[in-house]
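Structural characterization, general
Chain residues, written in single-letter form:
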Amino acid sequence: MTMGLLIAALLMGFFGSPHCLGMCGGIVAAFGLSMKDISPAKKRGLIATYHLGRLLSYTLLGLVAGLIGTTILAPLMMGNSTPRILLGLVLVFVGLTMLGLPFLNKLERFGMRFWQALGPLRTKVFPLNTVPKALAAGLLWGFLPCGLVYGALLIAVVGHDPLTGAVLMFAFGLGTIPMLVATHGTVNWIRHHIGRLRLRQLNGAIMVISGLAVVAVPMVMANMHGHMDHGQMNHEQMNHEQMNHEQMNHEH
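Keep in mind the model is a prediction, meaning the values are calculated, not measured.

1. Things to note about helix α6 (residues 131–141)
Within α6, burial applies to A134, A137, G138, L140 and W141. Each buried residue of α6 sits inside an arc of 160° when the element is viewed along its axis, so together they form one side. Those residues of α6 that are buried are in contact with α1 (3–34), α2 (40–73), α4 (105–117), α5 (119–123) and α8 (162–181).

As structure tokens, then:
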């Protein structure tokens, strides 16, 4: 796993979280209402616990995604450049999604069916007044349908191994935390600056450029190296022929 992928996952979570705040914000509000009669100290502990549960859920999903990539894709990509090309294409795809193209909308609708099926389990975590309930709530929250999460999972699939997939999704989850734990005033400030500076779009553009570079740069370098080797061989052949010519002249 490269540090670049880890940073990409972290920034994807941070710059993408304002877009997802509508749905996740409702969950945070519901959790807050269920803890209104709890002391501030215990409330902080429960908030940390359900975010830990969400990170564990993302990590588990990343582990599964990495396992899928290893078992299904890896046998098809032995000894060739397919892994690199596939990673580059996924980065381009996710970057375009962050730029606003609705590629993952259908997948979100499919995920919503699963989320609704979890309804009976979700009701059992309320009121959110114990650590086990908070942990369970966070684990369930990780399955909330979200195109941004699905995009991160695509990166985890092509991340070469299950451990890499798990770490990438954990980093993605870390990136979403500041927006979801910030106070109302701080949330507005973060959303304003991310929106005004178009940081989500900038991050998406960087991912697109990075993906194209991952695909194209090694090809260009290999092509240049091939031309250099060919030129060197021609030069050596010319020198060899010149030496033979000089030797023949000397013998005459």
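There's more to say after this.
2. Observations concerning the packing of aromatic side chains
Counting across every chain of the model gives eight aromatic pairs. Ring centres of Y50 and W141 lie 5.8 Å apart, and the angle between their planes is 55°; on these two criteria the pair is classed as tilted. Of this pair, Y50 sits in helix α2 while W141 is found in helix α6, placing the two residues 91 residues apart along the sequence. A connected cluster of aromatic rings, assembled from ring pairs, spans F31, Y50, F126 and W141. Above the face of the W141 ring, R54 is positioned so that its terminal group lies 4.8 Å from the ring centre. Above the ring of W115, the side-chain terminus of R122 is found at 4.2 Å from the ring centroid.

3. Here we look at the nonpolar core
If you look at the biggest cluster of nonpolar residues, it comprises 51 residues, and the most contacted ones within it are M12, L128, W141, I155, M169 and F172. When residues of this core are traced back to their parent elements, those giving at least two are α1, α2, α3 (82–98), α6, α7 (147–157), α8, α9 (184–196) and α10 (199–251). For this core, the element with the highest residue contribution is α1, accounting for nine residues. With sequence-adjacent residues up to four places away left out, I155 is seen in contact with L5, M12, V90, L91, V94, L168 and M207.

4. Structural notes on the confidence of the model for the protein chain
Caution applies to low-pLDDT regions: their predicted coordinates should not be interpreted in detail. Mean pLDDT for the protein chain: 82, with 82% of residues reaching 70 or above. Highest mean pLDDT in the protein chain belongs to α6 (94); lowest belongs to α10 (67).

5. Some thoughts on the packing of α7 against α8
Running from amino to carboxyl end, α7 crosses α8 at an angle of 150°, the nearest separation of the two axes being 9 Å. The angle between the axes of α7 and α8 places the two elements in the roughly antiparallel class. Our pair here, α7 against α8, has a crossing hand that is right-handed. Of α8, the residues touching α7 (which contributes L148, V149, A152, L153, I155 and A156) are G165, L168, M169 and F172. For the contact of α7 with α8, the residue count by class is nine nonpolar, one polar and no charged.

Reading guide: rules and limits
- Residues numbered from 1 in each chain as written.
- Predicted model: local features only at pLDDT ≥ 70, side-chain atom pairs only at ≥ 80, totals over all residues.
- Heavy atoms only, no water.
- Buried < 20%, exposed > 50% of the residue type's maximum accessible area, 1.4 Å probe, protein only.
- Helix = DSSP H or I, 4+ residues; strand = E, 2+ residues; numbered from the N terminus.
- Arc of directions from axis to C-beta.
- Contact = heavy atoms within 4.5 Å.
- Phe/Tyr/Trp six-rings, centres within 6.5 Å; stacked < 30°, edge-to-face > 60°.
- Lys NZ or Arg CZ within 6 Å of the ring centre and 35° of its normal.
- Core = buried A, V, L, I, M, F, W, Y, C linked by side-chain atoms within 4.5 Å.
- pLDDT = per-residue confidence, 0-100.
- Axes fitted to C-alpha atoms, helices over the stretch in contact; angles between N-to-C directions.
- Parallel < 35°, antiparallel > 145°, perpendicular 65-115°, else oblique.
- Left-handed = near helix turned anticlockwise from the far one by under 90°.
- Nonpolar A, V, L, I, M, F, W, Y, C, P; charged D, E, K, R; others polar.

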